[in-house]
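Survey of secondary and tertiary structure
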Amino acid sequence: MAHLWWLLLLVAPAVARDVTDEEYARFPRLYHLDDYSACLSQPDGLYCLGTFHLAPLKQPHPVYDMLKEYSLDRHHFNRTQLHRGYCVSSRCPSLTERNASLRFERCAAQWARRLALRTSLSRLSYCRTHAQEFAQAHSPAPLDLPQKVFLYVVGAIVALNVLGTVYDIATGDHTKKNPLLSAWSVRSNWRRLTASYEDGDPRLAALTPVQGVRVLLMMLIMATHSGCIHDMLYLYNPRWIEQISRHPVLMIFLNGTSVVQIFVLLSNFLLGYNLLLYSKSNIISYRLLPYITLKRIARIFPVYMVVTGYAATWWARSSTGPLWAPAVGAESDVCRRKFWSHMFFVHNLLNPEEICLVQTWFVAVDMQLYVVAALALLALLRRGRGARAALAALALLSCALNGLLAYAFDWKSIMYFAYPSALKTMYSGIPSFSWLYQAPWGSLPACFIGLLLAFLHFDLQEAGVKVSSYKWLRGSYTWALLLIVSWILAGNYVRQWEAPWFTASYVALERPVLSLLAGAILLGMVNGLEGWLKHLMAWRGWHAMGRMSLSVLMLHWILNLSLAASRPQPIATSLLSVVVDWTATSCGSYLLAVPLTLMLEMPPTRLVSSLLHKDTKQA
Ligand SMILES: *[C@@H]1O[C@H](CO)[C@@H](O)[C@H](O)[C@H]1NC(C)=O
Ligand SMILES: *[C@@H]1O[C@H](CO)[C@@H](O)[C@H](O)[C@H]1NC(C)=O
């Protein structure tokens, strides 16, 4: 029966139609792009891209009224704003105006007059002439300092890896090696990447399903972003997005962005568990904090900074097209402006409305919470038994804090504003996104729940409890996944309630409930509860892929946006087209992540470990 219901959801037409196809056909196109390269190949070529505000030239104007009414629906794009890329030189050759932006505006006005509409340029992205394009193609701008620095850094990394690999191979397999050099060996890092825990420590071997969960989550994140990127660019058929955005199943992606909380949960669970293992045979003191923080930074920082550095320097130069500058160029500028705040992991707190590589909010939050979690752990581990109660209290407090903040500032969960027109600008200017979704306090409950879970797991192991012998536990484990999906899909009903007390309570509960459910699954998996899910997640193939998660997280946005923004015409979007972009992006990201992980993530991690001689293992 359940299957049937799903099928019905998928097959049923997504909307009660609001305008007929016939009426819709009379709307002016929301997006239009003239041929960019043909235009700029002409000696007098002038290509302009911008957004126009629409108004009627006569009253009454039935089409305009219809546009206006159509735009009132939150699922629809604002149809009184048109997005145009015009080859002004060939479209309106008779205009003699010298000012390019005025010429663009007049040219659009000529077109609109035929529909009895008036256009006014509300935002000019750019005007480009043949001379500019020609100059760029034939004598590229000289490299600026950041671009040169990026090249030097990449050169140095490659050189170190070559040196390390040659050293490793030259010294053979059984000699005692200099750890500073052999850390850079691609060969030995490849062996580490593809090794499994199976023959090692059984406590770590129990964690194998974690890697599968990571890969699955990365796939979901990439799928969501592929859809987002279509929404952000010019579309041939914007109506498809408007219609699909009402589809109940889409709530999985709109409301499901909270699955990122599972990453937060995992990261803190592993931190907590490793420290607990360490505390069995070592004394815990605050002096540990700089060590573990340094190890963390050594693992994250190089990949994170090099990819951000690429985005800030070379990304914008890597292609052209009518949408390249407004999509990639603009983001690259933000990366350059915010490079320093990225470097110190505070870009989600300084100017959070300006977004460079949207997924990096997670890297910042993860680092910020890592310090909080490590401090909390070091304080609590010395307390003994009281730690569990204290963590539970902290988790509850952090939920309450988010609820209160949401109430005070009128912040809401993402699905309350996850409509096509808000997504078009990546939620910029929406405080709930900048100050709740991307902010560290928004993920604080998941952090504490992860730590609590680590204690629970540790206690179960110490006490030798066989979780699999409790029938009710097996049952709830099987149901938890279904509950997660239901919790996310429930957004369809929750969205109808907009009272402030309700939305604030939902903020307090939404992420924590998801984290708790995911935590239940995780705990079941690592404690030997068998089942198809565990078998799937513990598959050996996920292993290396799971370890490349950081590189994939960093790379996929660049690949996906480059792919979509280099198209010369508006995207004809569809389920299939999103899937195609998603497939290309995920294959490309995992492929590129191999060298990035081998050459940039693993060596510094090993280097710092061997320098510090601490064996607080990081999974
Ligand atoms: C659409 O955009 C115009 C500005 O161009 C604005 O005045 C209007 O309120 C917007 N409509 C909706 C429904 O947001
Ligand atoms: C062109 O016209 C616009 C709008 O009137 C004005 O803001 C801009 O400064 C002008 N540009 C030049 C180069 O004169």
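Residues numbered from 1 in each chain as written. Chains lettered and ligands numbered in written order. Predicted model: local features only at pLDDT ≥ 70, side-chain atom pairs only at ≥ 80, totals over all residues. Heavy atoms only, no water.

So, about the side chain of histidine 247. Mapping histidine 247 onto the fold places it in the loop between helix H13 (238-244) and helix H14 (251-254). A residue is classified by how much of its surface remains accessible, and histidine 247, at 9% relative accessible area, is buried. At 3.1 Å, the side chain of histidine 247 forms a polar contact with the backbone nitrogen of valine 249. (Helix = DSSP H or I, 4+ residues; strand = E, 2+ residues; numbered from the N terminus. Buried < 20%, exposed > 50% of the residue type's maximum accessible area, 1.4 Å probe, protein only. Polar contact = N/O pair within 3.5 Å; in protein donor to acceptor, adjacent residues only side chain to side chain.)

Turning our eyes to something else, we now look at the domain arrangement of the protein chain. Often the size quoted for an interface is simply the accessible area lost on bringing the parts together. By domain assignment, the protein chain separates into domain 1 (12-138) and domain 2 (247-537). Centre-to-centre, using C-alpha coordinates, domain 1 lies 41 Å away from domain 2. Of all residues in domain 1, Arg74, His75 and Phe77 bury the most surface against domain 2, accounting for 41% of the area lost on that side. In this structure, the connection of domain 1 to domain 2 is made through one salt bridge. Measuring nitrogen to oxygen at the nearest pair gives 2.9 Å for the salt bridge that ties glutamate 498 to arginine 74. Applying the counting rule to domain 1 against domain 2 returns three residue pairs in polar contact (both at pLDDT 80 or more). Only strand S1 (31-33), strand S2 (46-56), strand S4 (117-129) and helix H7 (130-138) provide two or more residues apiece to the side of domain 1 that touches domain 2. Broken down by class, the residue content of the side of domain 1 that touches domain 2 amounts to nine nonpolar, five polar and two charged. (Domains from an automatic or database assignment. Buried area = accessible area lost by both parts, 1.4 Å probe. Salt bridge = Lys/Arg side-chain N within 4 Å of Asp/Glu carboxyl O. Nonpolar A, V, L, I, M, F, W, Y, C, P; charged D, E, K, R; others polar.)

Turning our eyes to something else, we now look at the pattern of salt bridges. Pairing between side chains of opposite charge can happen when their charged atoms approach one another. Scanning the entire structure with this criterion turns up 17 salt bridges. The closest approach of N and O atoms between arginine 187 and aspartate 168, which form a salt bridge, is 3.3 Å. Of this pair, arginine 187 sits in helix H10 (residues 186-194) while aspartate 168 is found in helix H8 (residues 145-170), placing the two residues 19 residues apart along the sequence. Owing to a relative accessible area of 24%, arginine 187 belongs among the partly exposed residues under this scheme. Of the residues examined, aspartate 168 reaches a relative accessible area of 4% and is grouped as buried.

Let us now look at the side chain of arginine 214. Among the structural elements, arginine 214 can be located in helix H12 (residues 209-232). Although arginine 214 is buried, it forms no salt bridge, and the closest oppositely charged side chain is glutamate 601 at an N-O distance of 7.8 Å. Arginine 214 has contacts with Phe263, Leu266, Leu270, Gly546 and Ser549, leaving out every residue within four places of it along the chain. (Lys, Arg positive; Asp, Glu negative; His and termini not counted. Contact = heavy atoms within 4.5 Å.)

Before going further, it helps to spend a moment on the packing of aromatic side chains. Evaluated as defined, the whole model comprises 25 aromatic pairs. Look at tyrosine 24 and tyrosine 70: their rings are 6.2 Å apart centre to centre, the planes differ by 55°, and that puts the pair in the tilted class. Residue tyrosine 24 is located in helix H2 (residues 21-25), and its partner tyrosine 70 is located in helix H4 (residues 62-72); the two are separated by 46 residues in the primary sequence. Classification of tyrosine 24 by relative accessible area gives buried; the value is 16%. The class of tyrosine 70 is buried, set by a relative accessible area of 5%. (Phe/Tyr/Trp six-rings, centres within 6.5 Å; stacked < 30°, edge-to-face > 60°.)

What follows is about the site of ligand 2. Contacts to ligand 2 come from Asn99, Ser101 and Leu102. Contact between ligand 2 and asparagine 99: an oxygen atom at 2.3 Å from a side-chain N or O atom of the residue. (Near = heavy atom within 4 Å.)

Taken together, the neighbourhood of ligand 1 is formed by His53, Ser71, Asn78, Thr80 and Gln81. Take histidine 53: an N or O atom from its side chain is 2.6 Å from an oxygen atom of ligand 1. Side-chain polar atom of asparagine 78 to an oxygen atom of ligand 1: 2.2 Å apart, as the coordinates give it. For ligand 1, whose accessible area on its own is 360 Å², the fraction buried by protein is 49%. The class makeup of the residues in the shell around ligand 1 is no nonpolar, five polar and no charged. (Areas by Shrake-Rupley, 256 points an atom, 1.4 Å probe, with all protein chains shown as cover.)

Bringing the environment of serine 285 into the picture now. Along the chain, serine 285 falls in the loop between helix H15 (260-281) and helix H16 (288-313). Serine 285 sits 97 residues away from arginine 382 along the chain, and the two C-alpha atoms are 8.1 Å apart. Excluding residues that lie within four positions of it along the chain, serine 285 makes contacts with Leu378 and Arg382.

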